[in-house]
Every structure is written in C-alpha cells, then in structure tokens.
Amino acid sequence: MTADRRISDQFTSRKRLVVAIAILAIAAGTLLGLTADKAIWEGWVTDRIFQLRAHLFKSDAPPPSPVAVVGLDQVSLDSKRLATVPRVFMTPVFAEAGQAILDAGAVGVGYDFVFAFSADSFADPNSGEARLRGFDRPFLGFLYRNRGKVFVSRTSTGVPHRSVSAAAGASGVRYAEVTPDNDGVVRRHTPQPPLDESPLLIDALLASVRSSASDSYVAVPENRLATSLPYLSLLDVLAMAETETGREKLRDFATGRVVLFGSTMPNEDEHLYSDRFLPWLPDTLAETGESGRPYVRHATAGVYVLADLIGAALSGRTALDPPPGTLSVIAVLFAIFGACAGLLLPLSVLPIVAAIGMSAGLSLSFVGLDFGYLLAPGVAPVAAISGMVVAAIGKVGVLQRRQRSLVRLFGHYLSPDVIQQMAQSEELPELGGETRYVVVAFIDIVGFTKMSERLPDHEVVRVVNTSFDAIGQVITKHGGYIDKYIGDAIMAVWNAPNTVEFPEQAAVDASREIVELLDGIRSQTGQTALDLRIALNSGPVLVGDIGGQHRRSFTVMGTTVNTASRIESVAKDKKVRLAVNDTVASKLPEDYPVKKIWSGQLRGLSHDTHVFTLDVPAMYMEPDKETGDQKDRRQPPKLVKFPR
C-alpha cells in the first residue's frame with residue numbers, strides 16, 4: 001500500500017473515530033454524572049448553595065415563622081423554680097406550659113421528649129409505698145383533654161410510659177426521629193399521607209394546620225436555626241403565664257403557630273443540619289424571651305430540626321426532587337458539552353472549560369431552587385468534566401497520535417502545519433478523485449544533461465538532492481504540495497490537497513524565493529552553470545488517488561497539468577526563469593510587475609495562450625546559460641494591466 005493510500009485511509013476512518021470517541025465520552029459523562037446524585041460530597045455542595053443563596057437574598061426583615069420552639073435549656077434548669085426538680089418529675093411543668101401555649105392560640109403542640117417513666121409508678125424502696133401516686137395526673141389530663149392537638153414523641157428505641165400513651169391516645173404518640181442523608185446531615189423529610197394517620201410527629205403537626213404536603217422535600221433554611229426560630233425558654237413561658245401582660249406577650253408568640261417543646265441542652269439530641277453554614281440572624285430581629293437563647297453550636301438541637309422541617313413545608317421553603325428524567329437530560333447535555341470541549345479545544349484551555357462547566361452546573365442547581373426543585377448539584381459538573389476528560393484522552397491517545405503519524409507520513413510533501421490543518425479539518429479529496437482549481441508548477445534544473453555527462457553518478461545525485469531539498473522547503477513553506485519528482489524536475493501544486501486562499505500569489509511568491517536561492521544552490525553544489533526554470537499554470541484538475549488495484553498515487557491530472565509543461569517550453573525559448581499563464585497573472589496583486597512575453601497556440605491546444613513573467617532582473621537568465629544571446633535591456637518593459 002502506498003503512502004498516499006495509507007493517508008487517504010486514515011482520513012476516511014478519522015470521522016468514525018471522532019464519532020466513536022464522542023459517543024464514548026458522552027456515555028461516560030452521563031453515567032458518571034448520574035452516579036454523583038446522592039454522592040456523599042454532594043450534600044456539602046448543596047449546603048454551600050444554601051449558604052450562597054442566603055447571603056445573596058438576605059432579608060432585613062425575615063417573614064414570620066409558622067413554627068416556634070420552647071426550650072428546656074440551662075437557664076430553666078438552673079432557675080429557682082426548677083433547680084430542685086429532677087427532669088423525670090417535670091411532667092406537671094410541661095402540662096402547665098403546654099396549656100398556657102394552647103390558651104395563647106397555638107394550633108398544635110409537640111413534645112420532643114420520650115416520657116418513658118411515670119412518677120406514679122415510683123415506690124419507696126423500704127416500704128413499697130407509692131408515695132408519688134397521682135403526680136403525673138395534671139400532665140395525663142392535659143394530654144387527654146387536648147387529643148388531636150398535642151403529640152408526644154417516641155423513637156425506635158424508646159416509647160412513652162403506658163399511662164402517657166393511654167392518655168395521649170394511639171394517634172397522640174408519633175415518631176420524632178429524623179433521617180439523615182448518607183453524609184450524616186439532615187435535610188429531607190418524606191411525608192406519609194394521609195398526614196393525620198402518619199406515624200411521624202412532623203406529619204401530625206402538619207396535619208394540625210391542614211397542610212397538604214405529600215412529596216418528599218428538602219427544607220431550604222435561610223439562617224442558623226438557633227438564631228432565627230422564634231424561641232422562649234421554658235422558664236419564660238411559666239413566668240409569662242402568671243401575669244396578664246405576660247399572657248398577652250405569649251399570645252403574640254403562639255397565636256396560629258405550631259409550638260414544639262424540646263431540649264436545647266448541649267450534646268442532647270443534636271444533629272448536623274443543612275443550616276450549619278448559614279449566617280446568624282441578628283438578635284434584634286429574632287423573637288426571643290427575656291432569658292435569651294442557648295449558645296449556637298456546630299450541631300443543631302433536634303427540636304430546631306423538627307421545627308424547621310415543619311416550618312419549611314408551611315412557608316414554602318422547600319425544594320422537591322425534579323421530575324423523572326430531568327437529571328438524565330441534564331447529564332446528557334453537560335456530557336455533550338464536555339465531550340465537544342475535549343475534542344475541539346486545546347488541552348491548555350480545558351481547565352478553564354472545566355471551571356465553566358462546574359460553574360454552569362452549580363448555577364443550574366442554584367436557579368432550580370427558585371422553581372422549587374433541588375437539581376442534584378453534582379450531576380451536571382461531573383457529567384461535563386467526565387465527558388471532557390474522556391474525550392481529551394481519546395483525542396490525545398488516538399486522534400493526535402494519528403495526526404502525528406500523518407505529519408510524519410506526509411511531511412516530505414507538505415509542511416507539518418498544513419498537514420495538521422488538514423488532519424483537524426478533515427479536508428482531503430475522496431478516493432477516486434475530485435475536481436479542484438489549482439496552480440500547477442514545473443520547476444526544472446537547467447543544464448542538468450551536460451552536468452550529468454561530466455560528473456560521476458553519486459555527484460549528480462548529490463547536486464540534485466541538494467537542489468530539490470532547498471526548493472522543496474520553499475514550496476512547503478508557501479503551502480504548496482510536491483506532487484512528484486520527474487528526473488531533474490519537480491511538479492508542485494497549490495490548493496490541493498490542502499486549501500490555499502490565494503494559490504496564484506502563493507505559487508508566484510514561492511517561485512521568486514526559489515530563484516533567489518539560485519546563488520546559494522550554486523555555491524553548495526559547486527555548479528556555477530546550474531540554473532532554474534519555472535512554469536506556472538492554473539485551472540481545474542482531477543485530484544485524488546489515481547491508479548489501479550495494486551498501486552495508487554495521490555496526484556493531479558488533466559489539461560491544466562499538460563499546459564503547465566508546455567508553458568515551460570515558452571520559458572526556455574524566451575530565456576526567462578519564470579513563465580505563467582494569463583489566469584495566474586490576472587490574479588496577482590497590482591504591484592506585481594507582470595509582463596507579457598508570448599501569445600499563441602501551445603502544442604496540443606486549440607486556443608491561444610498568453611504567457612507572462614515578472615519583469616525583474618532575477619527572472620531573466622544570464623546570456624551564457626543557453627544560447628549566449630544578450631537580453632536588450634534598453635527598451636522599457638511592456639507591462640500588462642489586468643482588470644481587478
């Protein structure tokens with residue numbers, strides 16, 4: 001198989017390789033992008049998006065919260081009223097505070113406590129006397145009277161005492177547990193409709209205000225919960241319930257709200273929550289009692305988490321999972337973006353493209369929150385970067401390796417940058433040939449026959465190789481293609497197989513530079529009588545792989561080629577180093593000194609041909625190179641003006 005044949009085969013298969021790499025990159029990007037959904041690091045990114053959103057849309061006056069918290073905090077436990085009361089004996093206090101909250105207008109009350117013990121069951125270890133019988137009666141009565149409004153908690157490992165469960169009723173005891181994501185952070189609640197029959201405390205309190213929440217949602221907090229949720233210490237509630245002024249303030253606090261009682265003590269029922277990076281709400285904007293708030297800690301008290309999951313659903317601060325198929329479409333689109341970037345762009349800019357893809361993917365998730373959807377923030381960036389990496393590896397490992405092979409294979413005929421351009425643009429004539437407009441050049445070494453008669457063969461080869469090497473470098477420099485070597489002549493083509501924007505000017509410029517090399521070639525070869533003759537012709541030719549089944553050659557053929565060889569005979573007769581036909585001369589810039597040197601019918605042609613040269617001294621041969629005739633330089637040159 002010839003080199004030209006191999007080149008054509010490589011170009012023919014390159015498109016298939018590009019398509020295969022693109023498909024592989026898109027598939028890999030899509031699959032890897034989808035696996036990023038629910039990845040352990042994705043939650044951290046989600047929380048950072050919440051953080052950015054909170055800073056960008058920070059409100060000077062946050063809207064009222066539909067949920068409030070009454071906390072059993074250190075201030076309450078250290079107070080004169082509660083300091084001597086063990087926590088297991090605080091049910092009468094919770095009953096008093098709960099009734100005060102309901103009387104103040106709360107629509108539902110939830111206790112984030114598991115009342116696992118009853119004081120009624122405690123007995124004197126010596127006498128067995130139940131000295132505290134009836135101690136829990138206020139609390140049990142409170143639960144019984146307010147069934148449907150008051151709910152107590154249970155967990156998978158702890159249940160209320162049977163007396164508490166009996167007083168609250170089967171529907172008054174609900175699970176208060178929350179489910180963290182795979183990174184251990186709580187963000188999501190999945191209701192179990194119908195809410196009034198759900199086993200979950202959150203659902204029971206949502207049902208108390210007739211919420212219609214049914215789909216799994218992620219709460220979108222706006223501030224640290226410990227600084228922003230309406231909060232009263234248990235001690236404040238007890239104190240406010242004793243005076244009319246206090247009861248009025250309590251009504252402002254509780255009216256129309258769901259109120260949760262729970263512990264805000266350090267290291268008690270704390271969770272990592274998605275508010276951990278959010279800004280703090282200033283004390284002046286937060287609803288807080290006289291006793292203040294507990295210190296803000298890294299983890300969030302469980303009662304705050306329950307309150308926010310309820311409040312988010314009631315106030316619309318939620319983000320749902322996107323419709324089915326949305327993430328797949330996003331992954332495919334971003335994988336296509338990454339694959340195109342990896343295939344089409346230089347490796348040096350791919351880090352920038354990766355940053356753009358990541359930013360675009362995160363921005364998509366950020367904007368999705370405005371429409372009430374949480375688009376998994378890892379899907380789009382991972383799809384884009386994975387598609388880009390796979391495509392880039394394919395390009396470097398396969399396509400560019402093939403391009404380098406083309407450069408090595410075709411580098412003796414065209415300049416490497418031209419071959420690189422051809423490999424990237426995939427512009428190569430199809431097998432069997434195509435018709436293209438080209439400029440054909442015949443470059444002949446004058447005096448070769450006489451030189452070969454007096455020099456040994458190896459010296460002739462040295463002279464020819466030295467001359468052809470210098471000439472060939474100029475041809476490729478100007479975008480030309482060396483079609484073949486014919487004895488002591490070179491056949492070159494411009495505008496095939498590569499595309500040259502102005503082939504006529506490129507060919508003439510190359511010819512002028514080749515002539516300027518003449519003295520250097522003579523010096524290197526030691527042949528002072530050596531000279532050059534160049535003929536240029538332009539027109540349509542057949543370009544492509546020409547030949548039979550066993551032997552093919554990439555070449556050009558047609559009348560244009562034959563005419564170029566005939567023009568060389570005119571150059572010989574007129575003793576010029578450069579002869580061009582009228583179509584070449586007419587396409588040259590105006591400042592090129594074009595001069596007509598001959599008109600007539602060339603052998604084998606039925607129409608007149610006009611031949612020109614450049615009227616500069618270097619284009620005329622010295623008198624002793626062929627016949628010894630001296631050019632008459634006393635007459636001014638007759639320049640031809642072509643219409644432009």
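In every chain, residue numbers begin from 1 and rise along the written sequence. Two thresholds apply to this predicted model, a pLDDT of at least 70 for residue-level local features and 80 or more for giving and counting side-chain atom pairs, whereas whole-chain, interface and lining totals are computed over all residues. Heavy atoms throughout the structure, all of them, feed into the side-chain values; hydrogens and water do not.

## Observations regarding the overall build of the protein chain
Just so we agree on the cut-off: Here a strand is any run of E in DSSP of at least two residues, a helix any run of H or I of at least four, and the numbering for each starts at the N terminus. Each residue is placed in one exposure class: buried if its accessible area under a 1.4 Å probe, protein chains only, is under 20% of its type's maximum, exposed if it is over 50%, and partly exposed if it falls in between. Residues are treated as being in contact if the distance between any of their heavy atoms lies within 4.5 Å.
Looking only at helices and strands, the protein chain has 21 helices and 20 strands in total. Burial statistics for the protein chain: of 644 residues in total, 51% are counted as buried. Within the protein chain, contacts between residues separated by at least 24 positions form 75% of all contacts whose residues are at least 6 apart in sequence.

## A few points about the packing of helix H4 (residues 91–103) against helix H5 (residues 137–145)
Angle between the axes and distance between the axes are the two parameters that describe a pair of packed helices. Rules: Between N-to-C directions, angles cover 0 to 180 degrees, with each direction set by a line fitted to C-alpha atoms, over the stretch in contact for helices. Take the far helix as the reference: if the near one is turned anticlockwise from it by less than a right angle, the crossing is left-handed, and if turned clockwise, right-handed. As a working rule, the residues Ala, Val, Leu, Ile, Met, Phe, Trp, Tyr, Cys and Pro are called nonpolar, Asp, Glu, Lys and Arg charged, and the rest polar, with Gly in that last group.
For the pair H4 and H5, the least separation of the axes is 7 Å and the interaxial angle reads 35°. The chirality of how H4 crosses H5 is left-handed. Note on element contacts: H5 touches H4 through Pro138, Phe139, Phe142 and Arg145, opposite Thr91, Phe94, Ala95, Gly98, Gln99 and Leu102. For the contact of H4 with H5, a count of residues per class yields 6 nonpolar, 3 polar and 1 charged.

## Quick notes on the nonpolar core
Nonpolar side chains in soluble globular proteins tend to end up buried together. Operational definition: Definition of nonpolar core: a set of buried residues of the types Ala, Val, Leu, Ile, Met, Phe, Trp, Tyr and Cys, connected through side-chain atoms within 4.5 Å.
Ile471, Ile475, Trp494, Ile514, Leu536 and Leu614 are the most contacted members of the largest nonpolar core, which totals 43 residues. Residues within four places of Leu614 in sequence aside, it is in contact with Val508, Arg512, Leu578, Leu588, Tyr592, Pro593, Val594 and Met619. By size, the runner-up hydrophobic cluster in this structure holds 40 residues, among which are Phe94, Val173, Leu250 and Phe261.

## Notes on the pairing of strand E18 (residues 578–581)
Regular strands show a simple pattern: their side chains alternate between the two faces of the sheet. Counted only if it meets this: Here, a strand pair is defined by DSSP locating no fewer than two bridges between the strands.
Of the two faces of E18, the one holding Leu578 and Val580 and the one holding Ala579 and Asn581 are both buried throughout. Relative to strand E20 (residues 608–614), E18 is paired through 2 bridges, and the arrangement is antiparallel. Within E20, the position partnered with Asn581 by the bridge is Val611.

## Considerations on helix H18 (residues 503–516)
Cut-off, in case you're wondering: One fewer than the residue count of a helix, multiplied by 1.5 Å, yields its expected span.
Helix length check: H18, at 14 residues, gives a terminal C-alpha distance of 20 Å against a target of 20 Å (1.5 Å per residue), a fit within 8%. For H18, the set of buried residues is Pro503, Glu504, Ala506, Ala507, Val508, Ala510, Ser511, Ile514 and Val515.

## Regarding the packing of aromatic side chains
Stated formally: Pairing of aromatic rings covers Phe, Tyr and Trp, the last through its six-membered ring, and needs centres within 6.5 Å; plane angles under 30 degrees mean stacked, over 60 mean edge-to-face, and all others mean tilted. Only when the NZ atom of a Lys or the CZ atom of an Arg is both within 6 Å of the ring centre and within 35 degrees of the ring normal do we say a charge sits over the ring.
The full count for this structure, using the stated rule, is 15 aromatic pairs. A centroid spacing of 5.9 Å and a plane angle of 70° characterise the contact between Phe94 and Phe115, whose relative ring orientation is edge-to-face. Residue Phe94 is located in helix H4, and its partner Phe115 is located in the loop between strand E2 (108–111) and H5; the two are separated by 21 residues in the primary sequence. Neither residue differs from the other here; Phe94 and Phe115 are each classed as buried. Aromatic rings pair up to connect Phe94, Tyr111, Phe113, Phe115, Phe139, Phe142 and Phe261 into one cluster. One residue, Arg48, lies across the ring of Phe277, its end atom 3.8 Å from the ring centre.

## Remarks on the side chain of Thr30
Quick note on the threshold: N or O atoms closer than or at 3.5 Å make up a polar contact, with two conditions inside protein: a donor-capable atom paired with an acceptor-capable one, and, for residues adjacent in sequence, both atoms drawn from side chains.
Considering the arrangement of structural elements, one finds Thr30 in helix H1 (residues 3–35). Polar side-chain contacts of Thr30 include one of 2.8 Å to the backbone oxygen of Ile26. Residues in contact with Thr30, not counting those within four places in the same chain, are Ala331, Val332 and Ala335.

## Observations regarding the pattern of salt bridges
Worth spelling out the cut-off: Note on definitions: salt bridges are taken to be side-chain nitrogens of Lys or Arg within 4 Å of carboxyl oxygens of Asp or Glu.
A full pass over the atoms with the stated rule returns 26 salt bridges. Put simply, Arg317 and Asp308 hold a salt bridge, and the shortest N to O gap is 2.9 Å. Of the two residues, Arg317 and Asp308, neither departs from the other in class, the shared state being buried. Residues Asp531 and Arg522 are paired through a salt bridge, measuring 3.6 Å at the closest nitrogen-oxygen approach. Arg522 sits in the buried class, given a relative accessible area of 12%. In the salt-bridge network here, residues are joined through shared partners; they are Asp47, Asp181, Asp183, Arg187 and Arg276.

## A closer look at the sheet that holds strand E8 (residues 231–233)
Reading across the sheet, the 6 strands line up as E4-E3-E2-E9-E1-E8 and stay open at both edges, with parallel pairing between neighbours. Among the strands making up the open sheet, the edge pair consists of strand E4 (173–175) and E8. Going across the sheet, the axis of each strand differs from the next one's by a mean of 25°, ignoring polarity. The pairing of E2 with strand E9 (residues 258–263) spans 4 bridges and is classified as parallel. Each bridged residue has a counterpart across the sheet, and for Val109 the counterpart in E9 is Val259. Strand contacts of H4: strand E1 (67–72), E2, strand E3 (150–154) and E9, with the helix running at about 160° to E9, the strand carrying the most contacts.

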